[in-house]
Amino acid sequence: MSWKLSYEWASFPVQTDSTTGIKSLPSFTDVIVLNSVNKYFDRAFYKNNVSDSQRLKLVKTALDKAGYGQTKRESLSDYQIGIFYYDKHHQEKVDEYPGIVLAKPIQK
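Position numbers for residues count from 1 along each chain, tracking the sequence in the order it is written. Side-chain atom pairs in this predicted model are given and counted only at pLDDT of 80 or more, local residue features only at pLDDT of at least 70, and totals for whole chains, interfaces and linings cover all residues. Only heavy atoms go into the side-chain values, all of them from the structure, while hydrogens and water stay out.

A.B. asks: Sorry, what's going on with the packing of aromatic side chains here?
C.D. replies: The description of two aromatic rings rests on the distance between their centres and on the angle between their planes. Each pair of aromatic rings taken from Phe, Tyr and Trp, with Trp reduced to its six-membered ring, is defined by centres within 6.5 Å and is described as stacked if the planes are under 30 degrees apart, edge-to-face if over 60, and tilted in the remaining cases. Following the criterion strictly, the structure yields one aromatic pair and no others. On the basis of an interplanar angle of 85° and a centroid distance of 6.3 Å, the ring pair of Tyr7 and Phe12 is categorised as edge-to-face. Under the relative-accessibility criterion, Tyr7 is labelled exposed at 52%. Exposed residues in this analysis have more than 50% of their type's maximum accessible area, buried residues have under 20%, and partly exposed residues fall in between, with area computed by a 1.4 Å probe over protein chains only. Residue Phe12 is classed as partly exposed on the basis of its relative accessible area of 35%.

Structure, rendered in structure tokens:
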């Protein structure tokens, strides 16, 4: 897990190159945000009475359905994962949505 990716995802909007369609953050490229997966992290939008272990199963199933099964996830060896999650629901700001993000670090 990358703390830097987690921080940048929470702090900066993901930019999309108008020519290539590649999504990026200040230190990362090829950003993958799976909204169909991330909805299960958010207690405000998906059943706040679901246990964390049940929520994890939902996330894994959603990853599989989105084409990111275990084999595909293991093949993303150049990617890092960023996680934003809070255990207790609170009044989040508009841009504070929990979930996971995948991205490649930009080599400088």
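A.B. asks: Mind showing me how you'd approach unusual backbone geometry here?
C.D. replies: Peptide bonds are mostly trans, and most non-glycine residues show a negative phi. A positive phi angle, close to 55°, is found at Asp30, a residue other than glycine. Secondary structure is summarised from DSSP: a helix means a run of H or I of at least four residues, a strand means a run of E of at least two, and numbering begins at the N terminus for each. For Asp30, the position within the fold is in strand β3 (residues 28-33). Take Asp30: its relative accessible area is 22%, and that puts it in the partly exposed class.

A.B. asks: Quick question: what am I supposed to make of the sheet that holds strand β5 (residues 99-105) here?
C.D. replies: Within a sheet, each strand pairs with its neighbour through backbone hydrogen bonds, oriented either parallel or antiparallel. Taken in spatial order, the five strands of this open sheet run β1-β2-β3-β5-β4, and their pairing is antiparallel. Single-partner strands in this sheet number two, and they are β1 (15-16) and β4 (80-84). Two elements, β3 and β5, share four bridges in a ladder whose sense is antiparallel. Within β5, the residue paired with Phe28 across the bridge is Pro105. By definition, two strands form a pair when at least two bridges between them are found by DSSP.

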